[in-house]
Amino acid sequence: MASKPHPPLMKKHSQTDLISRLKSRKILGVGGEDDDGEVHRSKISQMLGNEMKFAVREPIGLRMWILISAVGFTVMAVMALVFPNQLYEVVFEEELSTTSISVRLYGGALLSLALILWNGLYTVEKTVIQWTLLSEACYFAVQFLVTSITLMEVGILPNAAILLLVSRVLFVVVTMAYYYHLGRKTKKI
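Residues numbered from 1 in each chain as written. Predicted model: local features only at pLDDT ≥ 70, side-chain atom pairs only at ≥ 80, totals over all residues. Heavy atoms only, no water.

1. Points about the packing of helix α5 (residues 101-121) against helix α6 (residues 126-154)
The angle between the axes and the distance between the axes are what describe a pair of packed helices. Two elements in contact, α5 and α6, have axes whose closest approach is 9 Å; the angle formed by their N-to-C orientations is 155°. Our classification of the angle between α5 and α6 gives roughly antiparallel. Here α5 runs over α6; the crossing is left-handed. The segment α5 lies against α6, with Tyr106, Leu110, Leu113, Ile116, Leu117, Asn119 and Gly120 engaging Val128, Ile129, Thr132, Ser135, Glu136, Tyr139 and Gln143. Among the residues making up the contact of α5 with α6, the classes are represented as 8 nonpolar, 5 polar and 1 charged. (Axes fitted to C-alpha atoms, helices over the stretch in contact; angles between N-to-C directions. Helix = DSSP H or I, 4+ residues; strand = E, 2+ residues; numbered from the N terminus. Parallel < 35°, antiparallel > 145°, perpendicular 65-115°, else oblique. Left-handed = near helix turned anticlockwise from the far one by under 90°. Contact = heavy atoms within 4.5 Å. Nonpolar A, V, L, I, M, F, W, Y, C, P; charged D, E, K, R; others polar.)

2. Observations regarding the side chain of threonine 147
Secondary-structure assignment places threonine 147 in helix α6. Its relative accessible area of 6% is what places threonine 147 among the buried residues. A polar contact is formed between the side chain of threonine 147 and the backbone oxygen of glutamine 143, at a distance of 2.7 Å. (Buried < 20%, exposed > 50% of the residue type's maximum accessible area, 1.4 Å probe, protein only. Polar contact = N/O pair within 3.5 Å; in protein donor to acceptor, adjacent residues only side chain to side chain.)

3. Brief notes about the packing of aromatic side chains
Applying the stated criterion across every chain yields a total of 5 aromatic pairs. Between tryptophan 65 and phenylalanine 171, the ring centres sit 5.8 Å apart and the planes meet at 65°, which makes this aromatic pair edge-to-face. Taken as a pair, tryptophan 65 in helix α3 (residues 62-82) and phenylalanine 171 in helix α7 (residues 159-183) lie far apart in primary sequence, 106 residues in all. Residue phenylalanine 171 is classed as partly exposed on the basis of its relative accessible area of 25%. Each member of the aromatic cluster is reached from another via a ring pair, and the members are Trp65, Phe73, Tyr139, Phe140 and Phe171. (Phe/Tyr/Trp six-rings, centres within 6.5 Å; stacked < 30°, edge-to-face > 60°.)

Rendered as structure tokens:
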């Protein structure tokens, strides 16, 4: 008995058949807009969520501010670590009477904050940028308080210290303005 050869099977290429693809996507529940107006490309992205919703419209100049802050913190940290006596003399206009370890510890803390700022410069997540700005604002506020108390204890008010205090207030205002603007909800039209 000789078996007859079967005719070749015709495979349906659903990738090229547009109507079949649309029906499949509709059954899976992907491709259409959800309640938030997002269009999911696959069921997996629909279930896991889309990372783009964490991206945020940034205020103008935010990245430049974080870059300037990161560079400033890095430079001050290196100065405090390498030249602690000279840094103290510039601010308080007197020689450091004790060991320079406290200024070097200050430099280490600044270097840690600089690393946070460098990380905040390259991230797209809103919460990371907000925490970066908040840590920077807290540092400026604490430095303002500590410098003010130290100047009151010493009883002198050098021009460099006044400039430092005024700049810290300005930096807190700018940083908190970016923080506030980043935390606002955008209105959907």
